[in-house]
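# Structural features, examined
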Amino acid sequence: MPAASKEPGAIGKLLGAATDEWRATPFYRMMLRGVDPDRIAQWGKDPRVGDGDHGAEIVAGTWRIAAERLAGNNLFPWSAPPPSPHFSARLHSFWWLRDVAALGPTSRECIAMQILSWVSGFGEWHAQAWAPELVAERLYAWLCHGKPAFEGGDPVMRPALMRSFGRQARHLSLAAGDLREPLSRIKAGAALVMVGCAGVPEEEKFLELGLELLVEACASQFSPDGCHLSRSPENLSEALCDMIAADD
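Residues numbered from 1 in each chain as written. Predicted model: local features only at pLDDT ≥ 70, side-chain atom pairs only at ≥ 80, totals over all residues. Heavy atoms only, no water.

## Some details on the environment of Gly-226
Heads up, the rule is: What counts as a helix is a DSSP run of H or I of at least four residues, what counts as a strand is a run of E of at least two, and both are numbered from the N terminus. Each residue is assigned to one of three classes by its accessible area relative to the maximum for its type, calculated with a 1.4 Å probe on protein chains only: buried under 20%, partly exposed between the two thresholds, exposed over 50%.
Take Gly-226: it is sitting in the loop between helix H11 (203-221) and helix H12 (233-247). A relative accessible area of 39% places Gly-226 in the partly exposed class. The spatial distance from the C-alpha of Gly-226 to the C-alpha of Leu-236 is 9.1 Å, given a sequence separation of 10 residues.

Below, the structure is given as structure tokens:
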């Protein structure tokens, strides 16, 4: 029995490694080509309340996530050595964008610069930064808080930004089925629904897939009394916020 119980995990790791290798090939990246959007017609509304104090730290160049932080002062965090892989992943997810946005109109320049600087370095492809769960969080954050970059950022960078947005959306639509973490599937579903409502090419495909993911999540992750099966209030709150944004 112990040996049999380990086998699915081992198989899962092999399949995951094979998937990563496939996505690293030029052939997979050819599948990300398509007609890029020329605008975002509808923006999302994240019901979460951002932390303005944390946002002010970011604007000032201090990058702190939980107990970890980047050394020194960094206008942009992408080239500084991260203290851990987890820290790096949270940076690339852009979850912190809501904290910067909580500062109000004064945050617009910072939001635009951070998104465009990321696109300059990672907009075409990056094995770690384009992990499906991070793409889902990033698209969600961009569609809720990224308007300054898409409508008021450097016009020279606009084609690269729209191209990256389109490629990430297509990548998520191909890779969302590989997500196993329950809340990541909800985030991916919400992000794809929001992409499908943004007036982009192939919007019907994105909307349909996003709705399928959310329907599956509701059927498999929630009990009849409305609780998340993890019984975690935090997980329930996260799931609810994502589904409210998608429903909106």
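Alright, that's what it looks like, and here's the rest.
## Considerations on empty space enclosed by the protein
Under the convention used in this document: A pocket here means an open set of points on a 1 Å grid, computed over the protein atoms alone, that has protein on both sides within 12 Å along at least five of seven lines. A cavity is instead a set of points where a 1.4 Å probe fits but cannot get out; residues with an atom within 4 Å of a point line either one. Grid points are joined across faces, edges and corners, and a volume is the space filled by probe spheres set on the points. Each residue gets one of three labels, nonpolar for Ala, Val, Leu, Ile, Met, Phe, Trp, Tyr, Cys and Pro, charged for Asp, Glu, Lys and Arg, and polar for the others, Gly among them.
If you walk through the whole model with that rule in mind, you get 1 cavity of 30 Å³ or more. In this structure, the largest cavity encloses a volume near 50 Å³. In this structure, the largest cavity is lined by Val-35, Pro-37, Phe-165, Gly-166, Ala-169, Arg-170, Val-195, Val-200, Pro-201 and Phe-206. Among the elements that line the lining of the largest cavity, the one with the most residues is helix H9 (residues 158-175), at 4 residues. When grouped by side-chain class, the residues that make up the lining of the largest cavity number 8 nonpolar, 1 polar and 1 charged.

## Points about the nonpolar core
Operational definition: By convention a nonpolar core is built from buried Ala, Val, Leu, Ile, Met, Phe, Trp, Tyr and Cys residues, the set being connected through side-chain atoms within 4.5 Å. Any pair of residues with heavy atoms lying within 4.5 Å of one another is described as a contacting pair.
Judged by nonpolar contacts, the single largest core of 67 residues is most densely connected at Trp-96 and Trp-142. Beyond its immediate sequence surroundings of up to four residues, Trp-96 is in contact with His-54, Ile-58, Trp-63, Trp-78, Arg-90, Leu-91 and Gln-114.

## Here we look at unusual backbone geometry
Positive phi outside glycine occurs at Phe-94, with the angle close to 65°. Mapping Phe-94 onto the fold places it in the loop between helix H4 (85-93) and helix H5 (97-101). For Phe-94, a relative accessible area of 0% puts it in the buried group.

## A closer look at the packing of H4 against helix H7 (residues 132-145)
Two quantities define a packed helix pair, namely the angle between the axes and the distance from one axis to the other. Formally: All axes are obtained by fitting lines to C-alpha atoms, using only the stretch in contact for helices, and the reported angles, taken between N-to-C directions, cover 0 to 180 degrees.
Put simply, H4 and H7 touch, their axes get as near as 8 Å, and they point 35° apart. Between H4, through Ala-89, Arg-90, His-92 and Ser-93, and H7, the contact on the second element is made entirely by Leu-134, Glu-137, Arg-138 and Ala-141. Among the residues making up the contact of H4 with H7, the classes are represented as 3 nonpolar, 2 polar and 3 charged.

## A few points about the side chain of Arg-167
Topologically, Arg-167 is positioned in helix H9. Arg-167 sits in the buried class, given a relative accessible area of 5%. Setting aside anything within four residues of it in sequence, one finds Arg-167 in contact with Arg-29, Leu-32, Glu-124 and Trp-130.

## Brief notes about the confidence of the model for the chain
The following threshold applies: Residue-level confidence of the predictor, termed pLDDT, takes values from 0 up to 100.
Mean pLDDT over the chain works out to 89, with 91% of the residues at or above the 70 mark. Overall, residues 1-8 carries pLDDT values under 50, and its contacts beyond four positions in sequence, including any with other chains, amount to 0 contacts. Note that residues 10-15 has pLDDT below 50 and, in this model, 0 contacts with residues that lie over four places away or in other chains.

## Overview of the packing of helix H6 (residues 108-122) against H9
Using the following cut-off: Angular relationships are summarised with four words: roughly parallel below 35 degrees, roughly antiparallel beyond 145, roughly perpendicular across 65 to 115, and oblique for the angles in between.
Their axes nearest at 10 Å, the elements H6 and H9 cross at an angle of 75°. Accordingly, the angle class assigned to the pair H6 and H9 is roughly perpendicular. Residues Ile-115, Leu-116, Trp-118 and Val-119 of H6 pack against Ala-160, Leu-161, Ser-164 and Gln-168 of H9. Looking at the contact of H6 with H9 residue by residue, the classes come out as 6 nonpolar, 2 polar and no charged.

## Overview of H7
Spelled out, the test is: What a helix should span is 1.5 Å times the count of its residues minus one.
A rise of 1.5 Å per residue sets the reference length of H7, with its 14 residues, at 20 Å; its end C-alpha atoms lie 20 Å apart and thus fit the reference within 8%. Within H7, 13 of the 14 residues are buried, which leaves it mostly tucked inside the rest of the structure.

## Side note on the side chain of Arg-185
Tracing the sequence through the fold places Arg-185 in helix H10 (residues 182-196). Residue classification places Arg-185 among the buried positions, given a relative accessible area of 15%. Once residues within four sequence positions are removed from consideration, Arg-185 is found in contact with Ala-176, Gly-177, Leu-179, Arg-180, Leu-213, Glu-216 and Gln-221.

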